[in-house]
Amino acid sequence: MTPQTPRRARRLALVLAAALAIAGCATRAEEPPPAAPADAFPVTVTAPNGKPLTLDRKPERIVSLSASATETLFAIGAGKQVVAVDEQSTFPAEAPKTTLSGLTPNVEAIAGHTPNLVIASGDAGDMVAGLGKLGIPVLILPAAKSLDDVYAQFDLVGKATGNAAQGADLARRTKEDIEKIVRDTPKSETPLSYYHELDTDLYSVTSKTFIGKVYGLFGMTNIADAADTDASGYPKLSAEYVIKANPTLIFLGDTKCCGQTAETVALRPGWNTIDAVTKNRVVALDDDLASRWGPRIVDLVRAVADALK
């Protein structure tokens, strides 16, 4: 073999280096670009039955006109971004409560807090259009119809506020906690029925409603289902109807608003014959827990489970 000259060796080295450089470039070109951080903005979110909402930057001034959304915001660590909440947002205590209303929203009053995101449960009074003219985005989170809706809203609020990981974690933990509570609750050997009271006019809920589905986790029969002739989900019962149905348990969702307790129920004419009353199975719920779909839904599920033990 003919020995290589220094010049020829240098030429081969240069050719080899060029080939390696080209190969390296080709390899880098084939690699996918790094994924954007979960909290990167702009971000587009879409609520159930809603239109896509794009937020150009992380909202640092949030106004919540929904008690459930307020609880969710603080649960995912976005409380420091909240500058005002509506008059119904009673939890947590540190939430900046105001006289703002989600039922009769005042666009000027809301805008006075200079928000860069407003969260509400509905578009009362064309609020979305009114705030839209001022360049203020609104995220509508309608009342949850199922537990899956609750988990989805946790995730969505997390993404919209730059707390995506925390929102996803809250959804996961809430689901796991509820499943464990249900799993650990003893199963009754005899069929159980229940009556859920919304107010002293005896309005109730059916199994199709969100609260009805929470009770459904435990396999109980809802006495209000047969009375829902107009399929509203919220039939008005009569005292005679409830007495005849003889529910095993009575859950009161009107303790704060109407001062109802196991004692007041027992004093109602004829109600002292109902099994739930005679066997001390009238359960006074926290009105807020029974009407919201935020993170404290776990507490509601636990209250129902405790009543079955």
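Up top you'll find the structure we're talking about.
Residues numbered from 1 in each chain as written. Predicted model: local features only at pLDDT ≥ 70, side-chain atom pairs only at ≥ 80, totals over all residues. Heavy atoms only, no water.

## Digging into the overall build of the protein
Logical step 1: Along the protein, the regular secondary structure elements total twelve helices and ten strands.
Logical step 2: By the burial criterion, 43% of the 309 residues in the protein qualify as buried.
Logical step 3: Taking the contacts inside the protein whose residues are at least 6 apart along the sequence as the reference set, 59% of them involve residues at least 24 apart.
Logical step 4: When the accessible surface of the protein is split by element, carbon and sulfur atoms take 56% of a total near 16400 Å². (Helix = DSSP H or I, 4+ residues; strand = E, 2+ residues; numbered from the N terminus. Buried < 20%, exposed > 50% of the residue type's maximum accessible area, 1.4 Å probe, protein only. Contact = heavy atoms within 4.5 Å. Areas by Shrake-Rupley, 256 points an atom, 1.4 Å probe, with all protein chains shown as cover.)

## Let's talk about the pairing of strand S7 (residues 193-197)
Logical step 1: Most of S7 sits out of view: five of its five residues are buried.
Logical step 2: The sheet contact formed by S7 and strand S8 (residues 221-222) spans two bridges and is parallel. The residue bridging Ser 193 from the neighbouring strand is Thr 221, located in S8.
Logical step 3: In this view, the connection linking S7 to its parallel neighbour S8 by way of helix H7 (residues 210-216) has right-handed handedness.
Logical step 4: Inspection of the sheet shows S7 paired to strand S9 (residues 249-252) by four bridges, in the parallel sense. Paired with Tyr 194 across the two strands is Leu 249, which belongs to S9. (Pairing = 2+ DSSP bridges. Right-handed = clockwise from strand over helix to strand, strands pointing away.)

## Here we look at the packing of helix H6 (residues 164-184) against helix H12 (residues 297-307)
Logical step 1: Across the interface, H6 lies against H12 with an axial gap of 10 Å and an inter-helix angle of 0°. It follows from the interaxial angle that H6 and H12 lie roughly parallel. Residues Thr 174, Asp 177, Ile 178, Ile 181 and Val 182 of H6 touch H12, and the partners they reach there are Ile 297, Val 298, Val 301, Arg 302 and Ala 305. (Axes fitted to C-alpha atoms, helices over the stretch in contact; angles between N-to-C directions. Parallel < 35°, antiparallel > 145°, perpendicular 65-115°, else oblique.)

## Points about the nonpolar core
Logical step 1: Formed by 55 residues in total, the largest nonpolar core has its most connected members in Leu 139, Met 220 and Phe 251.
Logical step 2: If sequence neighbours within four positions are ignored, Met 220 has contacts with Leu 192, Tyr 194, Tyr 215, Leu 249, Phe 251, Val 304 and Leu 308.
Logical step 3: By size, the runner-up hydrophobic cluster in this structure holds 14 residues, among which are Tyr 195, Leu 237, Ile 274 and Ala 276. (Core = buried A, V, L, I, M, F, W, Y, C linked by side-chain atoms within 4.5 Å.)

## Observations regarding the layout of surface pockets
Logical step 1: Its boundaries defined by the atoms lining it, the largest pocket holds a volume of some 750 Å³.
Logical step 2: Among the elements of the structure, helix H2 (67-75) and H7 are those that each provide at least two residues to the lining of the largest pocket.
Logical step 3: Among the residues forming the lining of the largest pocket, the class breakdown is 14 nonpolar, nine polar and six charged.
Logical step 4: The calculated volume of the second largest pocket comes to roughly 310 Å³.
Logical step 5: Taken together, 15 residues make up the lining of the second largest pocket; nearest its centre are Gly 50, Lys 51, Val 128, Val 138 and Ile 140.
Logical step 6: It is strand S6 (residues 138-140) that contributes the most residues to the lining of the second largest pocket, three residues altogether.
Logical step 7: Residue composition of the lining of the second largest pocket, by class: ten nonpolar, three polar and two charged. (1 Å grid on protein atoms, 1.4 Å probe; cavity = no way out; pocket = protein on both sides within 12 Å on 5 of 7 lines; lining within 4 Å. Points joined across faces, edges and corners; volume = space filled by probe spheres on them. Nonpolar A, V, L, I, M, F, W, Y, C, P; charged D, E, K, R; others polar.)

## Some points on the packing of helix H5 (residues 147-160) against H6
Logical step 1: Two elements in contact, H5 and H6, have axes separated by 6 Å at closest approach and are oriented at 160°. Classified by the angle their axes make, H5 and H6 are roughly antiparallel. The crossing of H5 and H6 is right-handed. Across the interface between the two elements, Leu 147, Tyr 151, Phe 154, Asp 155, Gly 158 and Lys 159 of H5 pack against Ala 164, Gly 167, Ala 168, Leu 170, Ala 171, Thr 174, Lys 175 and Ile 178 of H6.
Logical step 2: A breakdown of the residues in the contact of H5 with H6 according to their chemical character gives eight nonpolar, three polar and three charged. (Left-handed = near helix turned anticlockwise from the far one by under 90°.)

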